[in-house]
Amino acid sequence: MTTIRRSDTSPLRRSGKRDGTQEIRAFLLEAVAQGAVGPGGKLPTERELATRFALPRNTVRKTLAQLEAEGAITRHVGRGTFLADTGGFPADSITHTSPAELMEARMRLEPAMAELIVINATPADFERMEICLDRAERGATLDDFEVWDAALHQALAAATHNRFVTRVFDMATAVRHQTEWGKLKDRVVTPERRIKYQQEHRTIVTALKARDAELARAAILAHLQHARRNLFGF
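A few points on the structure. Quick caveat: nothing in here was measured; it's all calculated off a predicted structure.

1. What to know about the packing of helix α5 (residues 113-120) against helix α11 (residues 213-232)
Two numbers describe a pair of packed helices, the interaxial angle and the distance between the axes.
So, point 1. Contact geometry of α5 with α11 gives a least axis separation of 8 Å together with a crossing angle of 135°. Taken together, the axis directions place α5 and α11 in an arrangement best described as oblique. In this structure, the crossing between α5 and α11 has a hand that is right-handed. Here α5 contributes Ala114, Glu115 and Val118 to the contact with α11, which in turn contributes Ala213, Ala216, Arg217 and Ile220.
So, point 2. By residue class, the composition of the contact of α5 with α11 is 5 nonpolar, no polar and 2 charged.

Rendered as structure tokens:
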């Protein structure tokens, strides 16, 4: 098991000005890319990250919760935080993708996943989807909702049990966490729209659990079309 050396700052130095969440992500991504930490490797503690980046502990905690929801890391009480055994982070060559490009790709890819999910999803996959739905609906803030919204879409990809699909969605998740995407969502996601998104998510999962591929495909496409109208006006 590999551990990031706490005092090693040369290949993992802070690069540029960005919000705290993005800075932590970039630091961990670079650590993975340069081999400073491998699958299952131990990561710096919440306190160490807060000190390193001069961030409030709650900002670090929220970022780590987000990464855990995405499956990039695992956290164990009394033991620490670890990179997921799958390697956790996608390569960052796609993180310059625009929100419009991401939405265009999602509208073609996500509806097509419905048939794979209907064929391959297990009871555990559906349980994970339900957890994401419940957590998103209980979220006190838009940030909380966004964490579990992204986690639900990741859970849908995982339920295909197709490694190529899940890898593509690792990359989509990385794009969703760009500052540009976050600012766009902050401007357009109202409490009313959030409720509608939650209802649409429920419709999607219900269709998948019923093993109805056509209904699920239509529900996913309708949801993405709604999100696109809200984000881009068309």
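The discussion continues.
2. Side note on α11
So, point 1. For α11, spanning 20 residues, the distance from its first C-alpha to its last is 28 Å, which sits close to the expected 28 Å at 1.5 Å a residue.
So, point 2. Ala213, Ala216, Ala219, Ile220, His223, Leu224, His226, Ala227, Asn230 and Leu231 are the residues of α11 that are buried. Seen along its axis, α11 keeps its buried residues to an arc of 160°; they face one direction.
So, point 3. For α11, the side-chain oxygen to backbone nitrogen distance between the N-cap and Glu214 is 3.4 Å, and the N-cap itself is Asp212.
So, point 4. In the segment just after α11, Gly233 is the residue with positive phi, at about 80°.

3. Some points on the side chain of Asn230
So, point 1. By secondary structure assignment, the location of Asn230 is in helix α11.
So, point 2. Discounting residues that sit within four places of it in the chain, Asn230 has contacts with Val188, Arg193 and Tyr197.

4. Looking at the pairing of strand β1 (residues 73-76)
Looking down a regular strand, the side chains alternate between one sheet face and the other.
So, point 1. Two strands pair when backbone bridges link them, and β1 and strand β2 (residues 80-83) are joined in this way by 4 bridges, in the antiparallel orientation. Paired with Ile73 across the two strands is Leu83, which belongs to β2.
So, point 2. Between β1 and β2, which pair antiparallel one after the other, the connecting turn spans 3 residues, and Gly78 there sits at a positive phi close to 85°.

5. Comments concerning helix α10 (residues 191-209)
So, point 1. For α10, spanning 19 residues, the distance from its first C-alpha to its last is 27 Å, which sits close to the expected 27 Å at 1.5 Å a residue.
So, point 2. For α10, the full list of buried residues reads Arg194, Tyr197, Gln198, Glu200, His201, Ile204, Val205, Ala207 and Leu208.
So, point 3. Following α10 by one or two positions, Arg211 adopts a phi angle in the positive range, close to 60°.

Thresholds, definitions, all that
- Residues numbered from 1 in each chain as written.
- Predicted model: local features only at pLDDT ≥ 70, side-chain atom pairs only at ≥ 80, totals over all residues.
- Heavy atoms only, no water.
- Axes fitted to C-alpha atoms, helices over the stretch in contact; angles between N-to-C directions.
- Helix = DSSP H or I, 4+ residues; strand = E, 2+ residues; numbered from the N terminus.
- Parallel < 35°, antiparallel > 145°, perpendicular 65-115°, else oblique.
- Left-handed = near helix turned anticlockwise from the far one by under 90°.
- Contact = heavy atoms within 4.5 Å.
- Nonpolar A, V, L, I, M, F, W, Y, C, P; charged D, E, K, R; others polar.
- Expected span 1.5 Å × (residues − 1).
- Buried < 20%, exposed > 50% of the residue type's maximum accessible area, 1.4 Å probe, protein only.
- Arc of directions from axis to C-beta.
- Polar contact = N/O pair within 3.5 Å; in protein donor to acceptor, adjacent residues only side chain to side chain.
- Pairing = 2+ DSSP bridges.

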